[in-house]
Amino acid sequence: MQCQRCGHKWYLRREELPAICPKCKSPYWGLPRNEDLEKIKSVLHEISGQEVKVNCRKARDCEFISGPWRLVYNFARQPGHVTPLFELQRGNSAKTFESLQELQGAFGHDIM
Ligand SMILES: [Zn+2]
């Protein structure tokens, strides 16, 4: 795991995600940094051509809505580790990406 605020890295000993960063104690350790939020918004804007609304409901969960598209930033829980995950949804279709780079790479091709 890595804190998005202070950069501290640690290993997850339990399945549950911690409420706060063990080092800087930030409850927002898992949220994308502002610069990354802006990148995510611009990628989604390119896909839809419409304005992007951001809604970060919990400390580790953001959704981006733009026209018919919805992008959810969350964590994938796998045994032993947890990785950020981007799920792009449109209607009943959904596709997941493991990184913003992967999502950007898919853009330009027929995403869905
Ligand atoms: Zn931290």
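Notes on the structure in this doc start here. All of these numbers come straight from a predicted model, not from anything done at the bench.

**With respect to the nonpolar core**
And then number 1: By size, the foremost hydrophobic cluster in this structure holds 11 residues: Ile40, Val43, Leu44, Ile47, Cys62, Phe64, Leu71, Tyr73, Phe86, Leu88 and Leu103.
And then number 2: At four residues, helix α1 (residues 34-48) tops the list of elements feeding residues into this core.

**Remarks on the environment of asparagine 34**
And then number 1: Its place among the elements puts asparagine 34 in helix α1.
And then number 2: Accessibility expressed as a C-beta count within 10 Å gives 8 for asparagine 34, which makes it exposed.
And then number 3: For asparagine 34 and glutamine 4, which are 30 residues apart along the polypeptide, the C-alpha to C-alpha distance reads 10.0 Å.

**Considering unusual backbone geometry**
And then number 1: The backbone phi angle of lysine 25 is positive, close to 65°, even though this residue is not glycine.
And then number 2: Tracing the chain through its elements places lysine 25 in the segment before α1.

**Concerning α1**
Since one α-helical turn is 3.6 residues long, residues separated by three or four positions face the same way.
And then number 1: In this model α1 runs 21 Å from its N-terminal to its C-terminal C-alpha over 15 residues, within 8% of the 21 Å that 1.5 Å per residue would give.
And then number 2: Listing the buried residues of α1 in full gives Ile40, Val43, Leu44 and Ile47. Relative to the axis of α1, the buried residues are bounded by an arc of 95° and lie together on one face. Exposed residues lying more than 90 degrees from the buried face of α1 are Asn34, Glu35, Glu38, Ser42 and Glu46.
And then number 3: Positioned one or two residues after α1, glycine 49 has a phi angle of 75°, which is positive.

Thresholds applied
Residues numbered from 1 in each chain as written. Predicted model: local features only at pLDDT ≥ 70, side-chain atom pairs only at ≥ 80, totals over all residues. Core = buried A, V, L, I, M, F, W, Y, C linked by C-beta atoms within 7 Å. Buried ≥ 20, exposed ≤ 12 C-beta atoms within 10 Å, placed from the backbone. Helix = DSSP H or I, 4+ residues; strand = E, 2+ residues; numbered from the N terminus. Expected span 1.5 Å × (residues − 1). Arc of directions from axis to C-beta.

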